[in-house]
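Commentary on secondary and tertiary structure
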Amino acid sequence: MAETAPRQGILSLSIKDKNALYAAYMPFIKNGGLFIPTKREYQMGEEVFMLLNLMEETERLPIAGKIIWKTPIGAEGYRAPGICVQFSDQDGGMARNKIETYLAGALESDRSTHTM
């Protein structure tokens with residue numbers, strides 16, 4: 001998984017395998033959300049726009065969201081620093097549905113993720 005920031009407020013994220021998607025996705029958040037490993041500083045509640053490239057798809061998913069949680073650099077338990085972006089409901093659940101289709105069957109797993 002790679003995160004780049006071409007412009008302030010726009011995150012470009014590529015997730016190329018199902019295990020990485022499982023580890024980053026948060027189905028328990030309203031509208032869904034993703035953990036994005038990053039060392040950049042963000043503010044809680046900050047609005048962000050994400051371009052998400054999933055698996056081998058050529059088209060990137062545009063997702064609006066906001067920062068609802070941060071894991072700082074040096075967090076206990078050796079957790080990766082990063083942010084959680086909660087998806088807005090602007091896309092009618094399209095991003096959430098696409099991610100959950102990729103993860104069909106895996107969401108009931110008890111494997112650990114970046115967040116739990």
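Residues numbered from 1 in each chain as written. Predicted model: local features only at pLDDT ≥ 70, side-chain atom pairs only at ≥ 80, totals over all residues. Heavy atoms only, no water.

An unreviewed UniProt entry annotates the chain as PilZ domain-containing protein of Methylomonas rapida.

Brief notes about the nonpolar core
Formed by 25 residues in total, the largest nonpolar core has its most connected members in Ile15, Leu34, Met50, Leu52 and Ile99. Residue assignment for this core shows that the elements contributing at least two residues are strand E2 (10–15), helix H1 (18–24), strand E3 (33–37), strand E4 (47–54), strand E5 (61–71), strand E6 (82–87) and helix H2 (94–102). (Core = buried A, V, L, I, M, F, W, Y, C linked by side-chain atoms within 4.5 Å. Buried < 20%, exposed > 50% of the residue type's maximum accessible area, 1.4 Å probe, protein only. Helix = DSSP H or I, 4+ residues; strand = E, 2+ residues; numbered from the N terminus.)

Regarding the pattern of salt bridges
Following the criterion strictly, the structure yields three salt bridges and no others. Measuring nitrogen to oxygen at the nearest pair gives 3.5 Å for the salt bridge that ties Glu57 to Lys98. Of this pair, Glu57 sits in the loop between E4 and E5 while Lys98 sits in helix H2; the two residues are 41 residues apart in sequence, bridging distant segments of the chain. For Glu57, a relative accessible area of 23% translates into the label partly exposed. Between Glu100 and Arg96 there is a salt bridge, with its nearest N and O atoms 3.0 Å apart. Here Glu100 and its partner Arg96 are both found in helix H2, four residues apart, which amounts to about one turn of the helix. On the accessibility criterion, Arg96 (21% relative accessible area) is partly exposed. (Salt bridge = Lys/Arg side-chain N within 4 Å of Asp/Glu carboxyl O.)

So, unusual backbone geometry
Positive phi outside glycine occurs at Asn31, with the angle close to 75 degrees. Even without being glycine, Met55 reaches a positive phi, approximately 50 degrees. Within the secondary structure layout, Met55 lies in the loop between E4 and E5. For Met55, a relative accessible area of 10% gives the class buried.

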